[in-house]
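# Topology and contacts: notes
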Amino acid sequence: MRRKVIAGNWKMNMLPNDTIDFINELEPNIKKCESEVILCVPYTDLFYAISFCQGTNIHIGAQNVFYEDSGAYTGEISAQMLKCINTEYVIIGHSERRKLFNETDEIVNKKVLKALENGLKPIICVGETLEEREQNKAIEKITDQTEKALQGLTKESLENIIIAYEPIWAIGTGKTATSKDANEAIKAIRAKVKEMFENTDITILYGGSVKPENAKELFDEPDIDGALVGGASLKASSFESIIGAN
Ligand code: PGA
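Notes on the structure follow. The numbering scheme is per chain: residues are counted from 1 as the chain's sequence reads. Two thresholds apply to this predicted model, a pLDDT of at least 70 for residue-level local features and 80 or more for giving and counting side-chain atom pairs, whereas whole-chain, interface and lining totals are computed over all residues. Side-chain descriptors were evaluated using all non-hydrogen atoms of the structure, hydrogens and water having been removed beforehand.

## Quick notes on the sheet that holds strand β8 (residues 226-229)
- Taking strand neighbours around the barrel as the criterion, the eight strands line up as β1-β2-β3-β4-β5-β6-β7-β8 in a closed arrangement whose pairing is parallel. Ignoring strand direction, the axes of neighbouring strands in this sheet form an average angle of 25 degrees.
- Seen against the sheet, helix α7 (residues 138-149) touches β5 (121-126) and β6 (162-165) and runs at an angle of roughly 150 degrees to β5. When DSSP finds two or more bridges between a pair of strands, those strands are recorded as paired. Think of it this way: any DSSP run of H or I at least four residues long counts as a helix, any run of E at least two long counts as a strand, and we number them from the N terminus. Interaxial angle, 0 to 180 degrees, is taken between N-to-C directions of lines fitted to C-alpha atoms, where a helix line uses only the stretch in contact. Residue contacts are counted whenever heavy atoms from the two residues lie within 4.5 Å of one another.

Shown next, in the form of structure tokens:
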């Protein structure tokens, strides 16, 4: 079923104290919101965030996971490790990880399968570069990434998946895709999922410089179910305004 979702991606920001302050400020103001609210926090904040959000309507996610179960993988965190502290979501295939840490579509797919096997809900990111957009290859790129990320999944598992369309040129740059372009891209992703699984109900978010000022226009588009928010999710007040717009 399509759901309204606003997810924050804190990236490598916020210490445990900041996390607790943020939740204390945000939580009383979003009790009645219509969207599902997710915060994807650094590993070191997970335990605090999960404890502080118990009994609230804020859901907690990690920003990465490794695809092996255990072993000699210094520095990596397994899906089981995340699950055992009650992590609910995990971002997989963010463009920063694809670019800076060489994550391929194959790695993204392995992570998605491993997350689902362990009861985590993946938030899968896809998006094109500026060059690809200028060469009219954006739709081809994101539908291809979607197809590869979803290999081997069952139709039923789509219920536990969120896709985030994040044009790389719009992330952290202040440039947003126009709401029409974002909707077209998301519509194409939905069509790809339909082609693969006979399902059009998957939740798909837009991400890339979403702010209180541009959120409503994006959310008014028929195919956009919400947002994955980076910079503007670091302040409770701006994150709250974006939640209020959906
Ligand atoms: P931004 O980041 O909102 O700061 O552009 C979005 C993201 O990277 O998920």
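## So, the pairing of β5
- Burial within β5 is extensive, with five of its six residues counted as buried.
- Direction of pairing for strand β4 (residues 89-92) relative to β5: parallel, over a ladder of four bridges. Within the sheet, the bridge partner assigned to Ile92 lies in β5 and is Ile124.
- For β5 and β6, the ladder comprises four bridges, and the chain directions are parallel. Counted as the bridge partner of Val126 is Tyr165 from β6. For the exposure calls, accessible area comes from a 1.4 Å probe over protein chains only, and a residue counts as buried if that area is under 20% of its type's maximum, exposed if over 50%, partly exposed in between.

## As for the site of the ligand
- Proximity criterion: a residue is near a molecule or strand once any of its heavy atoms comes within 4 Å of it. Neighbouring the ligand are 13 residues; Lys11, His94, Glu166, Gly172 and Ser209 lie closest to it.
- Polar contact is the term for a pair of N or O atoms within 3.5 Å; when the atoms are in protein, one must be able to donate a hydrogen and the other to accept it, and sequence-neighboring residues count only if both atoms are side-chain atoms. Note that an oxygen atom of the ligand is positioned 2.7 Å from one of the backbone N or O atoms of Gly172.
- Gly230 is positioned such that a nitrogen or oxygen atom in its backbone is 2.8 Å from an oxygen atom of the ligand.
- Just so you know the grouping, Ala, Val, Leu, Ile, Met, Phe, Trp, Tyr, Cys and Pro go in nonpolar, Asp, Glu, Lys and Arg go in charged, and all remaining residues, Gly too, go in polar. Partitioned by chemical class, the residues of the shell around the ligand number four nonpolar, seven polar and two charged.

## Description of unusual backbone geometry
- The backbone of Met14 shows a phi angle near 80 degrees, a positive value even though the residue is not glycine.
- Residue classification places Met14 among the buried residues on the basis of a relative accessible area of 19%.
- For Asn102, which is not glycine, the phi torsion reads 55 degrees and is therefore positive.
- Position of Asn102 relative to the elements: it lies in the loop between α4 (95-100) and α5 (105-117).
- Judged by relative accessible area, Asn102 falls into the exposed class, the value being 59%.

## What about helix α1 (residues 16-26)?
- Taken residue by residue, α1 has Thr19, Ile20, Phe22, Ile23 and Leu26 as its buried positions. Buried residues along α1 cover an arc of 160 degrees about the axis, so they all sit on one side. Facing away from the buried surface of α1 by more than 90 degrees, the exposed residues are Asn17 and Asp21.
- Next to the buried residues of α1 lie β2 (36-40), α2 (43-52), β3 (58-62) and α10 (236-245). Throughout, the arc means that of the directions going from the helix axis to the C-beta atoms.

## Quick look at the packing of α7 against helix α8 (residues 179-197)
- Axis separation between α7 and α8 bottoms out at 9 Å; the angle between their running directions is 40 degrees. Our classification of the angle between α7 and α8 gives oblique. Taken as a pair, α7 and α8 cross one another with a handedness that is right-handed. In this structure, α7 contributes Ile139, Ile142, Thr143, Thr146 and Glu147 to the contact, and α8 contributes Glu184, Ala185, Ala188, Ile189, Lys192, Val193 and Met196. Oblique is the label for every angle not falling under 35 degrees (roughly parallel), over 145 degrees (roughly antiparallel), or within 65 to 115 degrees (roughly perpendicular). Crossing handedness is defined as follows: a turn of the near helix away from the far one that is anticlockwise and smaller than a right angle gives a left-handed crossing, while the clockwise case is right-handed.

## Things to note about the state of the cysteines
- A pair of cysteine sulfur atoms is labelled a disulfide when the two atoms are within 2.5 Å. One pass over the full model with this rule turns up zero disulfides.
- Looking at the unpaired Cys33, the closest cysteine sulfur is the one in Cys53, lying at 12 Å.
- For Cys33, a relative accessible area of 23% translates into the label partly exposed.
- Cys40 provides the cysteine sulfur closest to Cys53, a residue in no disulfide bond, and the two sulfurs are 12 Å apart.
- Using a relative accessible area of 4% as the deciding quantity, one classes Cys53 as buried.

## A few points about the nonpolar core
- Here, nonpolar core means buried Ala, Val, Leu, Ile, Met, Phe, Trp, Tyr and Cys residues that are tied together by side-chain atoms lying within 4.5 Å of each other. Formed by 61 residues in total, the largest nonpolar core has its most connected members in Leu39, Ile58, Ile60, Ile163, Tyr206, Phe219 and Phe239.
- With six residues, α8 is the single largest residue contributor to this core.
- In this structure Ile163 touches Ile124, Val126, Thr146, Leu150, Ile189, Val193, Ile202, Thr203, Ile204 and Leu205, once residues within four positions along its chain are discounted.
- Core analysis: the second largest hydrophobic core is formed by 12 residues, Cys40, Ile123, Cys125 and Ala164 among them.

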